[in-house]
Amino acid sequence: MEDRLFGSANRTDTLVTIGRLERTYVSEIARVLNRRVIEIQRTVASLERAGVIVSSRVGNTRIVELNPTYWAKDELYALLLRMSEMPAYAKFWSTIRRRPRAIGKPI
């Protein structure tokens, strides 16, 4: 996507993905956006320094989400959800599987 509302296309895409998925992790964002993990890690670190997102560790996984104490969280969340409905992002959401596959079910 070429939208650079939040500084760069990578930053915008990452924020839209975090807004859409709510709680996610870096490798899932990279898989959805078809980007390298290191690119997403740098973007997440930048957004975390800015105070827009927060991360926490659950085991070995770094979970990221919008900062609940960010002063404009509700407005930002609404904007990100609206942006995620754009046709350019629609193809990303159909590839996400967020629940486990049943044991023995064929792929």
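A brief look at the structure comes next. Source: prediction; values computed, not measured.

About the criteria used
Residues numbered from 1 in each chain as written. Predicted model: local features only at pLDDT ≥ 70, side-chain atom pairs only at ≥ 80, totals over all residues. Heavy atoms only, no water. Axes fitted to C-alpha atoms, helices over the stretch in contact; angles between N-to-C directions. Helix = DSSP H or I, 4+ residues; strand = E, 2+ residues; numbered from the N terminus. Parallel < 35°, antiparallel > 145°, perpendicular 65-115°, else oblique. Left-handed = near helix turned anticlockwise from the far one by under 90°. Contact = heavy atoms within 4.5 Å. Phe/Tyr/Trp six-rings, centres within 6.5 Å; stacked < 30°, edge-to-face > 60°. Buried < 20%, exposed > 50% of the residue type's maximum accessible area, 1.4 Å probe, protein only. Lys NZ or Arg CZ within 6 Å of the ring centre and 35° of its normal. Pairing = 2+ DSSP bridges.

A short note on the packing of helix α2 (residues 26-33) against helix α3 (residues 37-50)
In a packed pair of helices, the relevant descriptors are the angle between the two axes and the axis-to-axis distance. At their nearest, the axes of α2 and α3 sit 9 Å apart, and the two run at 120 degrees to each other. Taken together, the axis directions place α2 and α3 in an arrangement best described as oblique. Relative to α3, α2 is oriented so that their crossing is right-handed. Facing Val26, Ser27, Ile29, Ala30 and Leu33 of α2, the residues of α3 in contact are Val37, Ile40, Gln41 and Val44.

Observations regarding the packing of aromatic side chains
Evaluated as defined, the whole model comprises two aromatic pairs. A centroid spacing of 5.8 Å and a plane angle of 40 degrees characterise the contact between Tyr70 and Trp71, whose relative ring orientation is tilted. Here Tyr70 falls in the partly exposed class, since its relative accessible area comes to 23%. Their ring planes at 55 degrees and their centres at 6.1 Å tell us that Tyr89 and Phe92 sit as a pair that is tilted. In this pair, Tyr89 and Phe92 are both assigned in helix α5 (residues 87-93), three residues apart and thus about one turn of the helix distant. The burial state of Tyr89 is the same as that of Phe92; both residues are buried. Lys73 extends its terminal NZ or CZ atom over the ring of Tyr77, reaching a point 5.6 Å from the ring centre.

A few points about the sheet that holds strand β1 (residues 24-25)
Sheet strands line up and pair through hydrogen bonds in the backbone, either parallel or antiparallel. Strand order in the open sheet made by the three strands is β1-β3-β2, with antiparallel pairing throughout. The strands lining the two open edges of the sheet, one partner per strand, are β1 and β2 (53-58). Relative to strand β3 (residues 61-66), β2 runs antiparallel, the two being bridged by six bridges. By the bridge assignment, Ser55 is partnered in β3 with Val64. Strands in contact with helix α1 (residues 9-21) are β1, β2 and β3; relative to β3, the strand with the most contacts, it is inclined by about 90 degrees.

Observations concerning α2
Most of α2 is tucked away: six of the eight residues are buried. For α2, every residue scored as buried is listed here: Val26, Glu28, Ile29, Ala30, Val32 and Leu33. The positive-phi residue at the C-terminal boundary of α2 is Asn34, with phi of around 60 degrees.

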